[in-house]
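Each chain, letter by letter, is given below.
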Amino acid sequence: MESPIGIFDSGIGGLTVVKAVRKVLPKEDIIYLGDTARLPYGTKSIDAIIQFSLEDTQFLVDRGAKYVVIACYSSASVALDMIRKEFSIPVIGVIRPGVRRAMQVAKTGKIGVIGTSLTVYSGAYEKAFKEEGTQAEIVGKACPLFVPLVEEGWLDHEVTRLVAREYLEPLKKDNIDTLLLGCTHYPLLLGTIRTVMGDINYVDASAEVGSELAKNLRELDMENNRGAGSTAIYLTDLSMNYKEIGERFLGEPMKNFSRVSLKGRAK
Ligand code: DGL
């Protein structure tokens, strides 16, 4: 099936998911929407993020997406069910694949989850862990300052280490043996997070999302087996430094991007 895979995020951080999907599905066309005009999602209300996420999905569906990937953890936490209800195409979020991976690698009964305030307070991870049937104790911690620190490029910086200590020391005291990085931006801080948390298991869901998506496409007979896939990047605002920040996530030069406006969508 030659239609593209649609991937959306509140901004540019979801390009890490694009990178992971591209790695396992080199022949697929990808259209990516980053809602940079309304970033951040992680500090806003559930209602606002459901509405924004429906509009993001509509944009991708209007451009012919055959499958939608919610690369934004905040959106996936609160809007996945509503998106599945409103659209007929298959949708995958970033929460479950990470949960399943964490359950595979965790050895003791304690798993830590870090994310934006919206993600952590939504309770989406607790619900997902419960539904996946784990007995593990889940310890959540919102780390809202991590997002602006990554956008600033302070990946290896004294201020970031200080903030990380402040947020993560309680998790360290809780003796978790696995930490789920429940936000697009956090894998870039892994080095700093490791200096506080030490040698435990770290789960970044993006690789898992790529392999689950590949498996689903195969099962649904929706793969694209024609030539090399393209990536088109749409952003709702070309804000300052967006290219520099985007390349930090994508790990390569950012090409083929344009600014778009989203149509409103009634819930
Ligand atoms: N993409 C968001 C997430 O993964 C982080 C940035 C934001 O708050 O919008 O939760």
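Look above for the structure.
Presented here is a report on the structure given in the accompanying data block. In this numbering scheme, every chain counts its residues from 1 along its sequence in written order. With pLDDT at 70 or above as the cut-off, local features in this predicted model cover only qualifying residues; side-chain atom pairs require 80 or more to be listed or tallied, and sums for whole chains, interfaces and linings still use all residues. Side-chain descriptors were evaluated using all non-hydrogen atoms of the structure, hydrogens and water having been removed beforehand.

The helix and strand inventory of the protein stands at eleven helices and ten strands. For the radius of gyration, the atom set is restricted to C-alpha positions; the globular benchmark scales as 2.2 Å times the number of residues to the power 0.38. Against the compact-globule benchmark of 18 Å for 267 residues, the protein has a radius of gyration of 18 Å, which places it among compact chains. Based on the C-alpha atoms only, the size of the protein along its principal axes is roughly 50 × 40 × 35 Å. Every accessible area reported is derived by Shrake-Rupley at a probe size of 1.4 Å, with residue values counting cover from the shown protein chains alone. Here the protein has roughly 11700 Å² of accessible surface; of this, 50% comes from carbon and sulfur atoms. Just so you know, the count uses Lys and Arg for positive and Asp and Glu for negative, and it drops His and the chain ends. By convention, charge coordinates are those of NZ in Lys, CZ in Arg, CG in Asp, or CD in Glu. For the protein, the distance from the average site of its 33 positive side-chain charges to the average site of its 34 negative ones is 1 Å. Under the scheme used here, helices are H or I runs from DSSP no shorter than 4 residues and strands are E runs no shorter than 2 residues, and both carry numbers assigned from the N terminus.

On to the site of the ligand. Around the ligand lies a shell of 13 residues, among which Asp9, Ser10, Tyr41, Gly42 and Ser74 are the nearest. Residues adjacent in sequence count toward polar contacts only when both atoms are side-chain atoms; beyond that, a polar contact is any pair of N or O atoms within 3.5 Å, and within protein one must be able to donate a hydrogen and the other to accept it. At 2.8 Å, a side-chain N or O of Asp9 approaches a nitrogen atom of the ligand. Starting from 290 Å² of accessible surface for the ligand in isolation, the protein chains cover 99%. Here the residues of the shell around the ligand sort into six nonpolar, six polar and one charged. Nearness is defined per residue: one heavy atom within 4 Å of the molecule or strand is enough. Gly counts as polar in this scheme, as do all residues outside two lists: the nonpolar Ala, Val, Leu, Ile, Met, Phe, Trp, Tyr, Cys and Pro, and the charged Asp, Glu, Lys and Arg.

This brings us to the nonpolar core. By convention a nonpolar core is built from buried Ala, Val, Leu, Ile, Met, Phe, Trp, Tyr and Cys residues, the set being connected through side-chain atoms within 4.5 Å. Burial status follows relative accessibility: with a 1.4 Å probe on protein chains alone, a residue under 20% of its type maximum counts as buried, one over 50% as exposed, and anything between as partly exposed. In terms of nonpolar packing, the biggest core is built from 93 residues, with Ile7, Ile114, Phe146, Leu168, Leu179, Ile193 and Met197 touching the most fellow members. Only heavy atoms enter the contact rule, under which two residues are in contact if any of them lie within 4.5 Å. Excluding residues that lie within four positions of it along the chain, Leu168 makes contacts with Ile114, Cys143, Phe146, Ile193, Val196 and Met197.

The next thing to look at is the sheet that holds strand β3 (residues 67-70). Between any two strands, pairing holds if DSSP finds at least two bridges. If you trace the six strands from one edge of the open sheet to the other, you get β4-β3-β1-β2-β9-β10, paired in parallel fashion. Strands with a single pairing partner mark the edges of an open sheet, and in this sheet they are β4 (91-93) and β10 (257-259). Between one strand axis and the next, the sheet turns by 20° as a mean value, whatever way the strands run. Pairing between β3 and β4: three bridges, direction parallel. Across the sheet, residue Ile70 finds its bridge partner in β4, namely Gly93. Contacts from helix α3 (residues 73-86) reach β1 (5-9), β3 and β4, with the element oriented near 165° to β4. Only C-alpha atoms enter the line fits that serve as axes; for helices the fit covers just the stretch in contact. Angles between N-to-C directions range over 0 to 180 degrees.

Let us now look at the pairing of strand β5 (residues 110-115). For β5, the tally of buried residues reaches five of six residues, placing the bulk of the element in the interior. Where β5 and strand β6 (residues 137-142) come together, six bridges link them in parallel fashion. What sits directly across from Gly112, in β6, is Val139. Bridge analysis of β5 against strand β7 (residues 178-182) gives five bridges, and the strand direction is parallel. Paired with Ile111 across the strands is Thr178, a residue of β7.

Here we come to the environment of Met103. With respect to the helices and strands, the residue Met103 is situated in helix α4 (residues 95-105). Through-space distance from the C-alpha of Met103 to that of Gln135 is 9.6 Å; in sequence the pair is 32 residues apart. Beyond its immediate sequence surroundings of up to four residues, Met103 is in contact with Phe129, Glu132, Gly133 and Thr134.

Moving on to the side chain of Ser206. If you trace the backbone, Ser206 turns up in helix α10 (residues 205-219). Taking the relative accessible area as the measure of exposure, Ser206 reaches 7% and is therefore buried. The contacts of Ser206, once residues within four sequence positions are left out, are Thr16, Val17, Ala20 and Tyr73.

With that out of the way, let us pick up the layout of surface pockets. A cavity, in this analysis, means grid points on a 1 Å lattice covering only the protein atoms where a 1.4 Å probe fits yet has no way out; a pocket is instead an open set bounded by protein on both sides within 12 Å along at least five of seven lines, and a residue lines either one if it has an atom within 4 Å of a point. Grid points are joined across faces, edges and corners, and a volume is the space filled by probe spheres set on the points. Volume-wise, the largest pocket comes out at about 360 Å³. Forming the boundary of the largest pocket are 21 residues, of which Ala76, Ser77, Leu80, Asp81 and Lys127 lie nearest the centre. Elements that contribute at least two residues to the lining of the largest pocket include exactly α3, β4, α4 and α6 (124-132). Ranked by the residues each element gives to the lining of the largest pocket, the list is headed by α3, at seven residues. Tallied by class, residues from the lining of the largest pocket come to ten nonpolar, four polar and seven charged.

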